[in-house]
Amino acid sequence: MRAALAATTLLLALTALAACGATPQTTLEPTTEAARQARDLMVFVFWAAAVVFVIVESALVYILIRFRRRPGDGLPAQTHGHTALEIAWTIPPTILIGVIAALTIPVIFANAQPAGADAMRVRAIGHQWWFEFDYPELGVVTANELHLPVDRSVELQLESDDVLHSFWVPRLRGKLDMVPGRVNRFTIRPEVTGTFQGQCAEFCGTAHALMKFTVVVETQAEFDAWAAAQLAERTPPSSELARAGEEAMAAGGCVACHAIRGTDAAGVLGPDLTHVASRAHIASGILANTPDNMRRWLQDPQGVKPGNLMTIPELTDDQLDALTAYMQGLT
Amino acid sequence: MATVTTTAPDTRTFAGTAWSWITTVDHKRIAVLYLVTALGFFALGGIEALLMRLQLARPDTDLVSAERFTELFTMHGTTMVFLALMPLSAAFFNLLVPLMIGARDVAFPRLNALSYWIYLFGGIFMNISFLAGGAPNAGWFGYAPLTATQFEATHAIDFWALGLQILGVSSILASINFIVTIINMRAPGMTLNRMPMFVWMSLITAFLIIFAFPAITIGLVLLLFDRYLSTSFFLPAGGGDPVLWQHLFWVFGHPEVYILILPAMGIVSDILPTAARKPLFGYPVVAYSGAAIALVGFGVWTHHMFTVGLGPIADTAFAISTMAIAVPTGVKIFNWMATLYGGSISIKTPLLFAVGMVAMFIIGGLSGVMLGSPPIDAQVQDTYFVVAHLHYVLFGGTVLGLFGGIYYWFPKFTGRLMHEGWGKVHWALMLIGFNLTFLPQHLLGIDGMPRRVHTYPADQGFELWNLLSTIGSFAIAASLLIFAVNALVSIRRGQPSGNDPWDGGTLEWTIPSPPPVYNFAQIPVVDGRYPAWDAKRGGGHTGAVAAATAHGDEDEDEPDIHMPNPSYWPIVLAAGMVIMACGLIFHQVFILLGAVLFGVSLLGWIEEPAA
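This structure is a prediction, so every number in the text was calculated from the model and none was measured.

Rules of the game
Residues numbered from 1 in each chain as written. Chains lettered and ligands numbered in written order. Predicted model: local features only at pLDDT ≥ 70, side-chain atom pairs only at ≥ 80, totals over all residues. Heavy atoms only, no water. Helix = DSSP H or I, 4+ residues; strand = E, 2+ residues; numbered from the N terminus. Rg over C-alpha atoms; globule rule 2.2 N^0.38 Å. Buried < 20%, exposed > 50% of the residue type's maximum accessible area, 1.4 Å probe, protein only. Contact = heavy atoms within 4.5 Å. Buried area = accessible area lost by both parts, 1.4 Å probe. Salt bridge = Lys/Arg side-chain N within 4 Å of Asp/Glu carboxyl O. Polar contact = N/O pair within 3.5 Å; in protein donor to acceptor, adjacent residues only side chain to side chain. Nonpolar A, V, L, I, M, F, W, Y, C, P; charged D, E, K, R; others polar. Core = buried A, V, L, I, M, F, W, Y, C linked by side-chain atoms within 4.5 Å. pLDDT = per-residue confidence, 0-100. Phe/Tyr/Trp six-rings, centres within 6.5 Å; stacked < 30°, edge-to-face > 60°. Lys NZ or Arg CZ within 6 Å of the ring centre and 35° of its normal. 1 Å grid on protein atoms, 1.4 Å probe; cavity = no way out; pocket = protein on both sides within 12 Å on 5 of 7 lines; lining within 4 Å. Points joined across faces, edges and corners; volume = space filled by probe spheres on them. Domains from an automatic or database assignment.

J.: Describe the overall build of chain A, naming the residues involved and giving the relevant values.
T.: Regarding its fold elements, chain A presents nine helices and 12 strands. Its C-alpha atoms give chain A a radius of gyration of 27 Å, more than 25% over the compact-globule value 20 Å for 331 residues. Taking the principal axes of its C-alpha atoms as reference, chain A extends roughly 95 × 50 × 35 Å. Counting every position in chain A, which comprises 331 residues, the buried fraction comes to 51%.

Right, dumping it as structure tokens:
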């Protein structure tokens, strides 16, 4: 029991520590109203629980020490119960539970408020094992990197193409599942610019651990510029090597799953690659988008991300160089 | 000596001994079978856990492949719930219920054997999958549509679904048996409100099982239809709904949590009074709060689904019911503390485990209240916070409680005490290891580490807590090795315990250790909750209990005690069932083979002479 008490102290210290360490997915540093409300509730219930914990566990330890058997103990008084006491001690837990419920319920309903008419709509579609983001009002389709303007409500429409996934960016909002055959909606109103890390939170098969994404919150001007760039067709290859890459892509069957606007590639099974070089990560948030990583990914996708559904023939060094150069040029 | 009429096999040879175990219908021997098998599966599930902890000890580790990792967490959960903890509770039901209510066996001894054999074969069947092309890999909760043939074309899911169906039959049969036993076979004077609290919790658990299992049974039938007959109950493409599976699973799955915890609560409710030499404080409240927990437990299942998007009304309703269940749970804890208060507490291993259970279960209950608030849940659902919470309930609660029970009743069934010093070492190491394993996992969840991930990168702030957690898990493993050696040595060389080493108050302490095959030479007459105390303390109550103890062994005039004959039909019938299930995986001919065996053994069972 003493261990348990020490452990609680440790827990508190560690929670404080965790809050200032490098924990990009922490729930304790919210940047939106919804995430703040969840954090405040969590902190309140934690302290309430901590008080209960300390009282009850100390009482338990006290009783064990105070009433331990000593030599010469006679038979203790045989009490069978005490009705008034038993009724009385149902009251504090009931009150505490009532308070927690009273604080919780308004937040549940606030979180369920539909977005206003001025909100931007974005479809987020879960796939094994990547995220597709579709801005129907803008005509932009991208993958694994969600761009949002700051201080504007966004209604996310969560869907799934295959199995269950869950959309979770802890610093922006609690998670909501992506359920095949259903559409879940929730609203995010980012208040701070920056990059926020998210991850699929519902087990969705072998590569579940490697299904990540980022949310880039930027000023309206930056966002507009980004959207305009995304709408453009692909940047034509600028070197011989990159041109060879574009041909290798068509010849190798990549176009069956991937789309690159401005070419014949119009596949829909994998991420749209028209502006793949504009994204900070590849393979759904698990690798920085560098030439080396791109080459590694194209060479051995199963080694980088076991279970993923990309089928790719074995490539020669020349083909790898060409494809990497081509991808890096798709800004 | 009372004459016992059974056609017992010759136990002087190995074959005879084996045959006697295979055909036994004695509740005490079936309990031993349950106990040994369940501890074996507990070790297997523990090894699966250790492999996962090794893989997660450091970031970006390649010790276990992503594919294998999904099998490990699926089988760890499935094994611990269905093959280790439930059967451990079943071992205690078998050991104790007849002894505690003053009966000579359960109501249906052959059905009891059948429950065990179905469980054993079902457990083996499910684990054969590791050798037959891949183990189940969609999680112990098997969320649709990941379980559809489209996403898992091998038989991994079929092993899981068929295995759970088989185990469900075992659990339901055992529950019917214990309900009938407890309702009908109590000794004269043993009213419901005089039953030991463990018997109360057994009764409630049995009712929970027969009401909760049908939900998962239906779910699994629909899943098997989807997989074998191309229906689409859970597939949106065919008009089905994956969320339906979640409802069916958790309508079963949440009561299942109480199925796992109530027996341990019963054990604790019987250990504490003995250790403190005081009756259980507020007995009726403890019993009825168990019933209340069970009842409300059927109305909280969508708190597992707060992130599914059921809407604010459903989330509010289930948040309230979930929080409400904390009240009867808290009341139980207060009653346990009041039982100890003012007592003369003997601090021996069973008491330490019982108190450890109370202390750790409080933490699981408090984190449960946190999870009951949907906005908090939306952040920490499907993270390591939930892993921590559920282990504080099922390990801190159930496992510690069950180990307390093992230390407490070990002398009753072996005639020897387990070594006290090593028992305390086991307790201390297990408690430290347990907290080291699971306390940091709360922080991992709050820091955003999802569950069911086979790896994590180095820059997330997850390293330290994962490393501590892995170290803790090996401390738990070490404590279990100490327990295993202690148990094996104590069976042969432990200090002889006599019949009543703890000064117990319930009926099992009035008979010899180990108990004779007929338990009670003379059925006792009961007129209080602690008949053994009454007899020992001469509290003016009946002398019948004392008579049974004093004269049972040498009463020449004792009439013959008729005990049920051994039977081999239970094991054959169970084999027939499991062979039929094999037919759906290996070759259709097994269906026919199994059905014939099933039919023949059913006839054999019916025609078997009762005398």
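J.: Could you give me a rundown of the interface of chain A and chain B, with the residues and numbers involved?
T.: Taken together, the 88 residues of chain A in the interface contact 97 residues of chain B. Between chain A and chain B, the buried area comes to about 7700 Å², and carbon and sulfur atoms account for 71% of it. At the boundary of chain A and chain B, one finds one salt bridge. A salt bridge links A:Arg182 to B:Asp241, with the shortest nitrogen-to-oxygen separation between them at 2.5 Å. Between chain A and chain B we count 24 residue pairs in polar contact (both at pLDDT 80 or more) in total. Of all the elements in the fold, those that place two or more residues in the side of chain A that touches chain B are helix 1 (2-20), helix 2 (33-66), helix 3 (83-88), helix 4 (91-111), strand 7 (173-178) and strand 9 (194-199) of chain A. A total of 15 residues in the side of chain A that touches chain B trace back to one element, the largest contributor, which is helix 2 of chain A. Considered class by class, the residues forming the side of chain A that touches chain B number 52 nonpolar, 24 polar and 12 charged.

J.: Can you explain the nonpolar core? Please cite residues and give values.
T.: Within the largest apolar cluster, 229 residues are counted, with the highest numbers of intra-cluster contacts made by A:Leu156, A:Phe167, B:Leu340 and B:Met357. Counting residues per element, this core draws most heavily on helix 3 (residues 66-101) of chain B, which supplies 22 residues. Sequence-distant contacts of B:Met357, defined by excluding residues within four places in its chain, comprise B:Ile261, B:Ala264, B:Met265, B:Val268, B:Trp336, B:Gly396, B:Gly397, B:Leu400 and B:Gly401.

J.: So what's going on with the confidence of the model for chain B? Residues and values would help.
T.: Residue and element names in this part refer to chain B. For chain B, per-residue confidence averages 93 on the pLDDT scale, and 95% of positions sit at 70 or higher. Across chain B, element-level confidence peaks in helix 14 (residues 420-446) with a mean pLDDT of 98 and bottoms out in helix 17 (residues 544-551) with 46. Predicted confidence is poor over residues 540-557, with pLDDT under 50, and the contacts of this stretch with residues over four places away or in other chains come to 23 contacts. Across the whole predicted complex the pTM is 0.94, and at the interface the ipTM reaches 0.93.

J.: Run through the packing of aromatic side chains, naming residues and quoting values.
T.: Under the counting rule described, the total for this entry stands at 56 aromatic pairs over all chains. Ring geometry for B:Phe69 versus B:Phe73: centroids 6.0 Å apart, planes at 65 degrees, classification edge-to-face. Of this pair, B:Phe69 and B:Phe73 both sit in helix 3, separated by four residues, roughly a single helical turn. An identical accessibility class is assigned to B:Phe69 and B:Phe73; each is buried. Ring geometry for B:Trp245 versus B:Phe249: centroids 5.9 Å apart, planes at 25 degrees, classification stacked. One end of the pair is B:Trp245 and the other is B:Phe249, both in helix 7 (residues 242-276) and four residues apart, which spans about a single turn. No difference in accessibility class separates B:Trp245 from B:Phe249, as the two residues are buried. One aromatic cluster is present, built from ring pairs that chain together B:Phe82, B:Trp140, B:Trp160, B:Phe213, B:Phe234, B:Trp245, B:Phe249, B:Trp250 and B:Phe252. When the ring centre of A:Trp168 is taken as origin, the NZ or CZ atom of A:Lys175, which lies over that ring, is 3.9 Å away. Seen from the ring of B:Tyr283, B:Arg529 lies directly overhead, with NZ or CZ sitting 3.8 Å from the centre.

J.: Which residues make up the layout of surface pockets, and what values go with them?
T.: By rolling a water-sized probe across the atoms, one finds the places where empty space is left. Residue and element names in this part refer to chain A. Estimates place the volume of the second largest pocket at around 800 Å³. Along its surface, the second largest pocket is lined by 37 residues, and Trp-130, His-258, Gly-270, Pro-271 and Met-310 are the ones closest to its centre. Of all elements in the fold, only strand 11 (281-282), helix 7 (291-299) and helix 9 (317-329) reach the threshold of two or more residues within the lining of the second largest pocket. Looking at the lining of the second largest pocket, the element that brings in the most residues is helix 7, giving three residues. Of the residues contributing to the lining of the second largest pocket, the split by class is 21 nonpolar, 12 polar and four charged. When residues are assigned to domains, the lining of the second largest pocket turns out to be shared by domain 2 (120-192 + 202-209) and domain 3 (240-328), each giving three or more.

J.: So what about the domain arrangement of chain A? Which residues, and what values?
T.: Residues and elements named next belong to chain A. Domain boundaries assigned for chain A yield domain 1 (29-64 + 84-113), domain 2 (120-192 + 202-209) and domain 3 (240-328). Across the boundary between the two partners, domain 1 contributes 10 residues, which contact 10 residues of domain 2. There are two salt bridges connecting domain 1 and domain 2. The salt bridge involving Glu-29 is made with Arg-171; its shortest N-O contact spans 3.9 Å. Here domain 1 and domain 2 share six residue pairs in polar contact (both at pLDDT 80 or more) between them. Of all the elements, helix 2 adds the most residues to the side of domain 1 that touches domain 2, at four residues. Considering only residue class, the side of domain 1 that touches domain 2 consists of three nonpolar, four polar and three charged.

J.: Tell me about the environment of A:Val99, and please be specific about residues and values.
T.: By the secondary structure assignment, A:Val99 is in helix 4. With relative accessibility at 35%, the residue A:Val99 sits in the partly exposed group.

J.: Quick one: what's the story with the domain arrangement of chain B, residue by residue and with numbers?
T.: All names here are of chain B. Structurally, chain B comprises domain 1 (12-59 + 68-566) and domain 2 (567-583 + 594-611). Opposite the 19 residues of domain 1 that make contact, domain 2 presents 15 residues. Both sides of the domain 1 and domain 2 interface together cover about 1500 Å² of buried area, and 76% of this is carbon and sulfur. Linking domain 1 with domain 2 are one salt bridge. Note that Glu-608 is salt-bridged to Arg-110, the shortest N-O span being 2.7 Å. Across the contact surface, domain 1 and domain 2 share three residue pairs in polar contact (both at pLDDT 80 or more). When contributions to the side of domain 1 that touches domain 2 are tallied by element, the ones reaching two or more residues are helix 1 (14-22), helix 4 (109-128) and helix 5 (156-184). Here the side of domain 1 that touches domain 2 is built from residues that sort into 14 nonpolar, four polar and one charged.

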